[in-house]
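What follows is the residue order along each chain.
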Amino acid sequence: MAIAASTATLRQVSQEAQSCTLCPLYRNATQTVFGEGPVGADLMMVGEQPGDQEDRAGHPFVGPAGRLLDRALADAGIDRSKVYLTNAVKHFKNEPRGKKRLHKRPTRYEVEVCRVWLAREIALVQPRLILALGVTAAVALAGRPVVLSRERGRLIALREGRRGMVTTHPSAILRVPDVTAKRIAFASLVEDLKSALKQAVA
């Protein structure tokens, strides 16, 4: 399929996803947050789910974790506009606490149900490499348990013969309390991004 046709189809799929009610997560979410980026991107990155700010804005990776990812991408020499960014789950799973909405990890069922959208994104974008940001995304992509410490930094086989890698989710780095440890974790993310880019364009 030509890039122009795939782009139009991806836009149509994104519109279809806006009315998704396949699982109950849509009830407490503001909107579906679909992926963004160019068809034909060499590199696709997949996170767990949109956060509070993404849910309100309707765009992936625009909150605190997204800003940290932007810094890491810049340090790795990667142009964000040339990467396709999305999440395994398209609705923000949360628990209201007063005026705040606290993040809740999606269940295996919710991840699997939402995979219909992720699979269509992958089929249309046709990335050369998919980088999973965090274990939830890695499991959704690989279809098996993934141990981050064991598989980080090396190529792994994903569903349907796709090539992938896995790294930590930027939000995990934000939660590191020690300044030195946070700096080391950020540097490791940058190195993983460089490795992913190298594999994607190889």
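What counts, and at which threshold
- Residues numbered from 1 in each chain as written.
- Predicted model: local features only at pLDDT ≥ 70, side-chain atom pairs only at ≥ 80, totals over all residues.
- Heavy atoms only, no water.
- Helix = DSSP H or I, 4+ residues; strand = E, 2+ residues; numbered from the N terminus.
- Rg over C-alpha atoms; globule rule 2.2 N^0.38 Å.
- Buried < 20%, exposed > 50% of the residue type's maximum accessible area, 1.4 Å probe, protein only.
- Contact = heavy atoms within 4.5 Å.
- Areas by Shrake-Rupley, 256 points an atom, 1.4 Å probe, with all protein chains shown as cover.
- Lys, Arg positive; Asp, Glu negative; His and termini not counted.
- Charge placed at Lys NZ, Arg CZ, Asp CG, Glu CD.
- Phe/Tyr/Trp six-rings, centres within 6.5 Å; stacked < 30°, edge-to-face > 60°.
- Lys NZ or Arg CZ within 6 Å of the ring centre and 35° of its normal.
- 1 Å grid on protein atoms, 1.4 Å probe; cavity = no way out; pocket = protein on both sides within 12 Å on 5 of 7 lines; lining within 4 Å.
- Points joined across faces, edges and corners; volume = space filled by probe spheres on them.
- Nonpolar A, V, L, I, M, F, W, Y, C, P; charged D, E, K, R; others polar.

Draft legend 1. Just the overall build of the protein chain, in detail. In terms of helices and strands, the protein chain carries eight helices and seven strands. Against the compact-globule benchmark of 17 Å for 202 residues, the protein chain has a radius of gyration of 16 Å, which places it among compact chains. Each of the three principal axes of the protein chain carries a C-alpha extent, and together these read 50 × 40 × 30 Å. Burial statistics for the protein chain: of 202 residues in total, 47% are counted as buried. In the protein chain, once contacts between residues fewer than 6 apart in sequence are set aside, the share between residues at least 24 apart is 73%. Entry remark: accessible area of the protein chain is about 10,100 Å², with carbon and sulfur atoms responsible for 54%. Distance between charge centroids for the protein chain: 3 Å, based on 31 positive and 19 negative side chains.

Draft legend 2. Just the packing of aromatic side chains, in detail. On inspection of all chains with the given rule, the structure shows zero aromatic pairs. Here R71 stacks its cationic end above the ring of F186, 4.4 Å away from the centre of that ring. Residue placement shows K90 over the ring face of F34; its charged tip is 5.5 Å from the ring centre.

Draft legend 3. Here's a closer look at the layout of surface pockets. Taken as a whole, the largest pocket holds about 680 Å³ of empty space. Among the secondary structure elements, those contributing two or more residues to the lining of the largest pocket are helix 2 (52-57), helix 3 (64-76), strand 4 (100-103), helix 5 (135-142) and helix 7 (170-174). Taken together, the residues that form the lining of the largest pocket break down as eleven nonpolar, eleven polar and six charged. The computed volume of the second largest pocket comes to approximately 280 Å³. Along its surface, the second largest pocket is lined by 14 residues, and R108, T136, V139, A140 and R144 are the ones closest to its centre. When residues of the lining of the second largest pocket are traced back to their parent elements, those giving at least two are helix 4 (108-125) and helix 5. In terms of residue count, the dominant contributor to the lining of the second largest pocket is helix 5 (four residues). Counted by class, the lining of the second largest pocket contains six nonpolar, three polar and five charged residues.

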